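# Structural overview
For reference, the chains in residue letters:
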Amino acid sequence: MQKICGSVLEVMKNTPVVELSRLTKGLKGSIFAKMEFLSPGLSKKDRVALNVITEAEKNGTLKPGQTVVELTSGNMGTGLAIACAVKGYPFVAVMSRGNSEERARMMSALGAEVVLVEQVAGSERGKVSGDDLKLVEIAAKKIVKERNAFRADQFNHQGNFNTHYLYTAQELIAQTDGKIDAFCDFAGTGGSFAGTARALKEYNPEIKCYLLEPEDCAVLSGRKLINSSHQIQGGGYSMTELKFINRKDIDGFLQVSDDEAIQTARDLAGKEGLFCGFSSGANVAGALQLLRGEMEGKNIAVILCDSGLKYLSTALWQNA
Ligand SMILES: Cc1ncc(COP(=O)(O)O)c(C=O)c1O
C-alpha cells in the first residue's frame, strides 16, 4: 500500500484498468477501460496539468509566484487549480459558459479565479462549438497579456502529449500485459489520442488506433461539417488539424452520436457501476462499434475521461 503522500499531486497517476465484461456480454472480445475519473480532480487532465506545470518550472518558462492562465472546458482547469493551489501559483481558468456549471464551481472551490465567456449568439448551453472556443481563446490571450501570465496552452504545450506518451500509455501496457489490439479515443486537443497512440504503436506496431469524433462534426476524418453543436463536452471542436496528431498513427475514424454517448454513459453507470461523463460514454460506444465490426474478438483499450459528477445538471443524468 502507498505510504503517506506529501501532497495530493502524488496520486495523479496509476489509475486502475477495469474490464467491461457486463457491457460486452454476448460480444466476442474485451474492453479495458482506464479509470482516469478516479484522479483527485476527477479527470484524465490532472496528470496533464501537473506535467505541464512541472515541465514549465524545470525549463524556466514558469517563474515562482507567476499567474497561470488556461482556456479549459473545465477538466484541465481543475487539474491546474489543484496543482497551482498546492504549488502556490495564482490560477485563472477561462471557460465557455456553455460548459457545465459543476466544473466552474469546482475550480472556484479549489482557489481558481473563473472567467466565464459568453457563447456566440444562438449557441445552446451544454453544447460548446469551435466558434464558442474561439471567443474563449481571445479572452484567455487578453488575460495572459494583462497579467504577464504563464499560459498552460493545452492545445500546443508538448507536456500534454508527453503525459500520455510517457505515463497513460505505459500504465495501460503494463496493466494489460500488453494485450491490446486497438485503442479508440475522442479528441479535444488530441493530446491523449496522440500520446497514447504513439506509445502503443512503438510498443507494438500492430495495435490499431481509432480517432473518435461527434457524428455531425467528424471533420478530422474529412467528412463535411453538418452541425458543430453537440453534447460531448471536452472535445469535438470541428478543427481540421490538431497539433499533436500524426496522421500516420490513425488507423481509422469512428463517429458517435450524442444519444449513443449518453446511452453508453448510462449503461456504464447502471451495468458496470462506473459513473462517468459524456466522452467516456463516447469512447466506450466507439469500442463497442469496433467489437461489433472490424475488431470482433479483439481487446480494445479506452480511457474513462471524467466523472459523472461533473454533469449532474446536464441532460446526461436527467431522466436517466
Ligand atoms: C471530458 C473530456 N473528454 C475528452 C477530452 C479530450 O481530451 P484531449 O484534449 O486529450 O483530446 C477532454 C479534454 O479536456 C475532456 O475534458
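Residues numbered from 1 in each chain as written. Predicted model: local features only at pLDDT ≥ 70, side-chain atom pairs only at ≥ 80, totals over all residues. Heavy atoms only, no water.

### Considerations on empty space enclosed by the protein
Following the criterion strictly, the structure yields three cavities of 30 Å³ or more and no others. In this structure, the largest cavity occupies an estimated 280 Å³ of space. Lining the largest cavity are 28 residues; nearest its centre among them are Lys 44, Lys 45, Ser 73, Gly 188 and Gly 234. Broken down by secondary-structure element, the contributors of at least two residues to the lining of the largest cavity are helix 2 (75-87), helix 5 (158-175), strand 7 (182-186) and helix 6 (191-203). Across the lining of the largest cavity, the residue classes tally to nine nonpolar, 15 polar and four charged. Shared between two domains, the lining of the largest cavity holds at least three residues of each, these being domain 1 (8-43 + 160-311) and domain 2 (45-151). Volume-wise, the second largest cavity comes out at about 70 Å³. Lining the second largest cavity, in full, are Ala 187, Gly 188, Glu 213, Cys 217, Val 219, Leu 220, Gly 236, Tyr 237, Ser 238, Met 239 and Leu 242. Class assignment of the residues belonging to the lining of the second largest cavity gives a composition of seven nonpolar, three polar and one charged. (1 Å grid on protein atoms, 1.4 Å probe; cavity = no way out; pocket = protein on both sides within 12 Å on 5 of 7 lines; lining within 4 Å. Points joined across faces, edges and corners; volume = space filled by probe spheres on them. Helix = DSSP H or I, 4+ residues; strand = E, 2+ residues; numbered from the N terminus. Nonpolar A, V, L, I, M, F, W, Y, C, P; charged D, E, K, R; others polar. Domains from an automatic or database assignment.)

### A few points about the domain arrangement of the protein
Many analyses report the size of an interface as the accessible area lost when the parts associate. Each assigned domain of the protein is listed here: domain 1 (8-43 + 160-311) and domain 2 (45-151). The straight-line distance from the C-alpha centre of domain 1 to that of domain 2 is 23 Å. Contacts between domain 1 and domain 2 engage 34 residues on the former and 28 residues on the latter. Summed over both partners, the interface of domain 1 with domain 2 buries about 2,500 Å², with 52% contributed by carbon and sulfur atoms. Remark: the boundary between domain 1 and domain 2 carries three salt bridges. The closest approach of N and O atoms between Arg 47 and Glu 171, which form a salt bridge, is 2.9 Å. The interface formed by domain 1 and domain 2 includes 14 residue pairs in polar contact (both at pLDDT 80 or more). Looking at the side of domain 1 that touches domain 2 element by element, the count peaks at seven residues for helix 5. Grouping the constituent residues of the side of domain 1 that touches domain 2 by class yields 10 nonpolar, 17 polar and seven charged. (Contact = heavy atoms within 4.5 Å. Buried area = accessible area lost by both parts, 1.4 Å probe. Salt bridge = Lys/Arg side-chain N within 4 Å of Asp/Glu carboxyl O. Polar contact = N/O pair within 3.5 Å; in protein donor to acceptor, adjacent residues only side chain to side chain.)

### Points about unusual backbone geometry
Notably, Asn 14 is not glycine yet its phi reads approximately 50°, a positive angle. For Asn 14, a relative accessible area of 55% corresponds to the exposed category. One non-glycine residue, Ser 238, adopts positive backbone phi at about 55°. Considering the arrangement of structural elements, one finds Ser 238 in the loop between strand 8 (208-214) and strand 9 (252-256). Given a relative accessible area of 22%, Ser 238 falls into the partly exposed group. (Buried < 20%, exposed > 50% of the residue type's maximum accessible area, 1.4 Å probe, protein only.)

### Quick word on the sheet that holds strand 6 (residues 150-151)
Within the open sheet, the four strands sit side by side as 5-4-3-6. Their pairing is parallel. The open sheet terminates on both sides in strands that have one partner only, identified here as strand 5 (113-117) and strand 6. Where strand 3 (residues 68-71) meets strand 6, two bridges bridge the pair, whose relative direction is parallel. Bridging from a neighbouring strand, Val 68 pairs with Phe 150 of strand 6. (Pairing = 2+ DSSP bridges.)

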